[in-house]
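Here is what each chain is made of, one letter per residue.
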Amino acid sequence: MTTLGLVVAEFNRPITEQMEQEALEAATAAGAEVYETVHVPGVYDAPLAADRLARREEVDAVAVVGTVITGDTDHDHVITDATAQGLTDVSLERDTPVTLGVTGPGMSAAEARERVANAAKAVDGALDLVDELPDPSPAADSD
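Residues numbered from 1 in each chain as written. Predicted model: local features only at pLDDT ≥ 70, side-chain atom pairs only at ≥ 80, totals over all residues. Heavy atoms only, no water.

Taking an unreviewed UniProt entry as the reference, the chain is identified by name as 6,7-dimethyl-8-ribityllumazine synthase belonging to Natrinema soli. UniProt, in the comment section headed Catalytic activity (unreviewed entry), describes the chain in these words: "(2S)-2-hydroxy-3-oxobutyl phosphate + 5-amino-6-(D-ribitylamino)uracil = 6,7-dimethyl-8-(1-D-ribityl)lumazine + phosphate + 2 H2O + H(+)". Looking at the Pathway (unreviewed entry) heading of the UniProt record, one finds this comment for the chain: "Cofactor biosynthesis; riboflavin biosynthesis; riboflavin from 2-hydroxy-3-oxobutyl phosphate and 5-amino-6-(D-ribitylamino)uracil: step 1/2." (UniProt positions renumbered as here; feature names shortened; annotations may be inferred.)

Below, the structure is given as structure tokens:
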């Protein structure tokens, strides 16, 4: 059974609460176990939590969910760019799939509510990566 870590951003909680539920349902439907769910204040805080989960031997992959709603400045772009790069770094440094189920930037709250299902896509992507990535160890029979 594949074991997942789940990171859920608390900012915009009415939406991320639904995203968390979608992620948990997707994991259950796929026959995966959510080993631990970590709630963080916002998506910017997700890379550290994802890194801590990815360090655990029991965790095969990490899915991160949250939403960033646009405001009067470009802050939403800065936050989502930093989060995406941080999660990419965790995935590569830990050799563990870390998927981005963060919606935004440039979205209204209504658009974010329409994209709640992206949380399930993050879980499905994490599970697919676990199944599809080649074993990192060198081939035993190289001639």
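That shown, we press on.
A. Layout of the overall build of the chain. Along the chain, the regular secondary structure elements total five helices and four strands. Reading the chain from its N terminus to its C terminus gives the helix and strand order β-α-β-α-β-α-β-α-α. Radius of gyration (C-alpha) of the chain: 15 Å, near the 15 Å computed for a compact globule of 143 residues. In terms of its C-alpha atoms, the chain occupies a principal-axis envelope of roughly 60 × 30 × 20 Å. Here the chain holds 143 residues, and 41% of them are scored as buried. Looking at the chain alone, contacts between residues at least 24 apart form 78% of all its contacts between residues at least 6 apart. Accessible surface for the chain amounts to roughly 7900 Å². Of this, 48% is attributable to carbon and sulfur atoms. Side-chain charges of the chain comprise 8 positive and 28 negative groups, with the mean position of each set lying 7 Å from the other. (Helix = DSSP H or I, 4+ residues; strand = E, 2+ residues; numbered from the N terminus. Rg over C-alpha atoms; globule rule 2.2 N^0.38 Å. Buried < 20%, exposed > 50% of the residue type's maximum accessible area, 1.4 Å probe, protein only. Contact = heavy atoms within 4.5 Å. Areas by Shrake-Rupley, 256 points an atom, 1.4 Å probe, with all protein chains shown as cover. Lys, Arg positive; Asp, Glu negative; His and termini not counted. Charge placed at Lys NZ, Arg CZ, Asp CG, Glu CD.)

B. Summary view of the pairing of strand 1 (residues 3–9). Across the seven residues of strand 1, seven count as buried, placing the element largely inside the fold. In this sheet, strand 2 (residues 33–40) lies alongside strand 1 in parallel orientation, the contact comprising seven bridges. Each residue of the ladder has a partner; that of Thr3, found in strand 2, is Glu33. Looking at chain direction, strand 1 and strand 3 (residues 61–69) are connected through five bridges and run parallel. Paired with Leu4 across the strands is Ala61, a residue of strand 3. (Pairing = 2+ DSSP bridges.)

C. Region of interest: the UniProt feature "binding site: (2S)-2-hydroxy-3-oxobutyl phosphate" (unreviewed entry) in the chain. Here the UniProt-annotated "binding site: (2S)-2-hydroxy-3-oxobutyl phosphate" (unreviewed entry) positions come out as Asp72, Thr73 and Arg115. Relative to the assigned elements, Asp72 resides in the loop between strand 3 and helix 3 (75–94). Topologically, Thr73 is positioned in the loop between strand 3 and helix 3. Within the structure, Thr73 has its side chain in polar contact with the backbone nitrogen of His75 (distance 3.2 Å). (Polar contact = N/O pair within 3.5 Å; in protein donor to acceptor, adjacent residues only side chain to side chain.)

D. Spatial organisation of the UniProt feature "binding site: 5-amino-6-(D-ribitylamino)uracil" (unreviewed entry) in the chain. Listed under "binding site: 5-amino-6-(D-ribitylamino)uracil" (unreviewed entry) in the UniProt record, and renumbered for this structure, are Phe11, Val43, Tyr44, Asp45, Thr67, Val68, Ile69 and Leu100. Beyond its immediate chain neighbours, meaning those up to four positions away, Thr67 contacts Phe11, Asn12, Ile15, Thr16, Met19, Val43, Thr103, Met107 and Ala112. Turning to its location among the elements, Ile69 is positioned in strand 3. Taking the relative accessible area as the measure of exposure, Ile69 reaches 24% and is therefore partly exposed.

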